[in-house]
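Breakdown of the fold
What follows is the residue order along each chain.
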Amino acid sequence: GARVTVARGGLPEMGDVREIIDGPIRRDDLRSFRFHHSDIAAARSVVESQLQARGARIFDLIVEDDPLGALRRMIARILGYGIPTKALAHRDIALPYHRDTQTPYPSTNATLVLRRDCGGGVLLIPDTGLGFACPDGTIIAFDGQRLHGVTPLEPSKGGYRIAVTFYCPLAS
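The following refers to the structure shown.

Criteria and thresholds
- Residues numbered from 1 in each chain as written.
- Predicted model: local features only at pLDDT ≥ 70, side-chain atom pairs only at ≥ 80, totals over all residues.
- Heavy atoms only, no water.
- Buried < 20%, exposed > 50% of the residue type's maximum accessible area, 1.4 Å probe, protein only.
- Helix = DSSP H or I, 4+ residues; strand = E, 2+ residues; numbered from the N terminus.
- Pairing = 2+ DSSP bridges.
- Lys, Arg positive; Asp, Glu negative; His and termini not counted.
- Salt bridge = Lys/Arg side-chain N within 4 Å of Asp/Glu carboxyl O.
- Polar contact = N/O pair within 3.5 Å; in protein donor to acceptor, adjacent residues only side chain to side chain.
- Contact = heavy atoms within 4.5 Å.
- Axes fitted to C-alpha atoms, helices over the stretch in contact; angles between N-to-C directions.

Counting buried residues along strand 12 (residues 153-169), 12 of its 17 residues qualify, which places the element largely inside the surrounding structure. For strand 5 (residues 86-91) and strand 12, the ladder comprises 6 bridges, and the chain directions are antiparallel. Bridge pairing links alanine 89 to valine 164 in strand 12. The sheet contact formed by strand 7 (residues 107-120) and strand 12 spans 13 bridges and is antiparallel. By the bridge assignment, arginine 116 is partnered in strand 12 with tyrosine 160.

What follows is the structure, encoded as structure tokens:
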């Protein structure tokens, strides 16, 4: 398998990743696709307003809002999982390698990436040897119990990377 270096502070580095994916992928329990849908603009607005209102860079997202509700139903339909009841949002945060344990039920992560004028922020899943560039509007679904992390971000002035992770129950 690919060897992934953990840098000082535990943040992932790009050096040992075998391949960076910036388009759709479908293999086993790892899938990604791009949304070209009006719900993305509406979801972006809701997420940005919640981020602004809370003044936090990471928080549990309120998913009952209409645009997010429509988006989570669409994600469940496309992926074939249950409708997510929990979501977490974070803005401009690189994440050390970790495994997700936030849900009381077996789930798959479906992460929506909203970005503008921001480099870096590549999702790395070391056991696959793959990194995911996640252009704006990308949703990537994977088992959150897999070790994963996000490389440091390089936003230009006014740029950002927001990730909204929906936790989709495995049984619908």
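A word on the side chain of aspartate 100. The topology assignment puts aspartate 100 in the loop between strand 6 (95-98) and strand 7. It is arginine 99 that comes nearest to the buried, bridge-free aspartate 100 among opposite-charge side chains, at 9.8 Å. Here asparagine 109 takes part through its side chain, which lies 2.5 Å from a polar atom of the side chain of aspartate 100. Side-chain polar atoms of aspartate 100 contact the side chain of histidine 148, separated by 3.4 Å. Apart from the residues within four sequence positions on either side, aspartate 100 is in contact with Asn109, Gly144, Gln145, His148 and Tyr167.

With that settled, consider the pairing of strand 10 (residues 138-142). The buried fraction of strand 10 amounts to 5 of the 5 residues, a majority that puts the element mostly inside the structure. Of the two faces of strand 10, the one lined by Thr138, Ile140 and Phe142 and the one lined by Ile139 and Ala141 are each fully buried. Where strand 7 meets strand 10, 5 bridges bridge the pair, whose relative direction is antiparallel. In the strand pairing of strand 10, leucine 112 is matched with isoleucine 139.

A separate point is the sheet that holds strand 9 (residues 130-132). Read across the sheet, 5 strands follow the order 1-9-8-11-6 without closing on themselves; strand pairing throughout is mixed. A single partner strand is all that each edge strand has here, and the edge strands are strand 1 (19-21) and strand 6. The average angle at which neighbouring strand axes cross in this sheet is 20 degrees, direction not considered. Note that strand 8 (residues 123-125) and strand 9 share 3 bridges and pair antiparallel. In the strand pairing of strand 9, isoleucine 125 is matched with leucine 130.

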